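What follows is the residue order along each chain.
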Amino acid sequence: MSNPELVRMVEAEHPYRGKALFELCDRVPQDDDAATKVAMLSRLPSLRRARLFDRVSLAWSAIIALLAAETAHAREEAYAAFGALEPGEQQDMLDYLEVGAIEEAHPRIT
């Protein structure tokens, strides 16, 4: 599927929106367009509410994927997406990542 098709699935809250988001996240290290779209999608209220487990939302997983890509573009997008979170949610995410600032986070996705 193309990036725009995956974005439409996520935006439409398709039952496989999580899978579509994760497919886009997998493309982030090699595709700046995917990184931009993942960051944009992380701002959707539906992804901020959708929990994978505990406090971790689909929005957080998108930001973590951007950070883990370790490209300059993906990290800039991650910082902007993180900045769009509410202050309390930012602190929760920093606590989850065990860092004092988002710039210190270097998660690995295996």
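In what follows, the structure referred to is the one given above.
Note that the structure is a prediction, hence the values are computed from the model and not measured.

(A) Here's a closer look at the overall build of the chain. Regarding its fold elements, the chain presents seven helices and two strands. Secondary structure elements of the chain, listed N to C terminal, follow the sequence α-α-α-α-β-β-α-α-α. Relative to the globule expectation of 13 Å for 110 residues, the C-alpha radius of gyration of the chain, 13 Å, shows essentially globular dimensions. The principal-axis extents of the C-alpha atoms in the chain amount to approximately 35 × 25 × 25 Å. For the chain, the proportion of its 110 residues judged to be buried stands at 46%.

(B) Molecular detail of the pattern of salt bridges. With the rule as written, the count across this model stands at seven salt bridges. Between Arg48 and Glu89 there is a salt bridge, and its shortest N-O distance comes to 3.3 Å. Placement of Arg48 in helix α4 (residues 45-49) and of Glu89 in helix α7 (residues 87-97) is noted, with a sequence separation of 41 residues between them. Here Glu89 falls in the buried class, since its relative accessible area comes to 14%.

(C) Main features of the packing of aromatic side chains. By the definition in use, this model includes two aromatic pairs. On the basis of an interplanar angle of 55 degrees and a centroid distance of 6.5 Å, the ring pair of Phe53 and Tyr96 is categorised as tilted. A residue pair is termed long-range when its members are at least 10 positions apart, and Phe53 in strand β1 (residues 51-53) and Tyr96 in helix α7 qualify at 43 residues. Accessibility expressed as a relative area gives 32% for Tyr96, which makes it partly exposed.

(D) Main features of the nonpolar core. Core analysis: the biggest nonpolar cluster contains 38 residues, and Leu21, Val28, Leu66, Met93 and Leu97 have the highest contact counts within it. Of all elements in the fold, only α1 (3-11), α2 (17-27), α3 (32-41), α5 (58-69), α6 (72-83) and α7 reach the threshold of two or more residues within this core. At 10 residues, the largest contribution of residues to this core is made by α5. If we ignore the near neighbours within four places in the chain, the residues touching Met93 are Trp60, Ile63, Ile64, Phe82 and Leu85.

(E) Looking closely at unusual backbone geometry. One non-glycine residue, Asp54, adopts positive backbone phi at about 40 degrees. One non-glycine residue, Glu70, lies in positive phi territory at about 60 degrees. Tracing the backbone shows Glu70 in the loop between α5 and α6.

Analysis parameters
Residues numbered from 1 in each chain as written. Predicted model: local features only at pLDDT ≥ 70, side-chain atom pairs only at ≥ 80, totals over all residues. Heavy atoms only, no water. Helix = DSSP H or I, 4+ residues; strand = E, 2+ residues; numbered from the N terminus. Rg over C-alpha atoms; globule rule 2.2 N^0.38 Å. Buried < 20%, exposed > 50% of the residue type's maximum accessible area, 1.4 Å probe, protein only. Salt bridge = Lys/Arg side-chain N within 4 Å of Asp/Glu carboxyl O. Phe/Tyr/Trp six-rings, centres within 6.5 Å; stacked < 30°, edge-to-face > 60°. Core = buried A, V, L, I, M, F, W, Y, C linked by side-chain atoms within 4.5 Å. Contact = heavy atoms within 4.5 Å.

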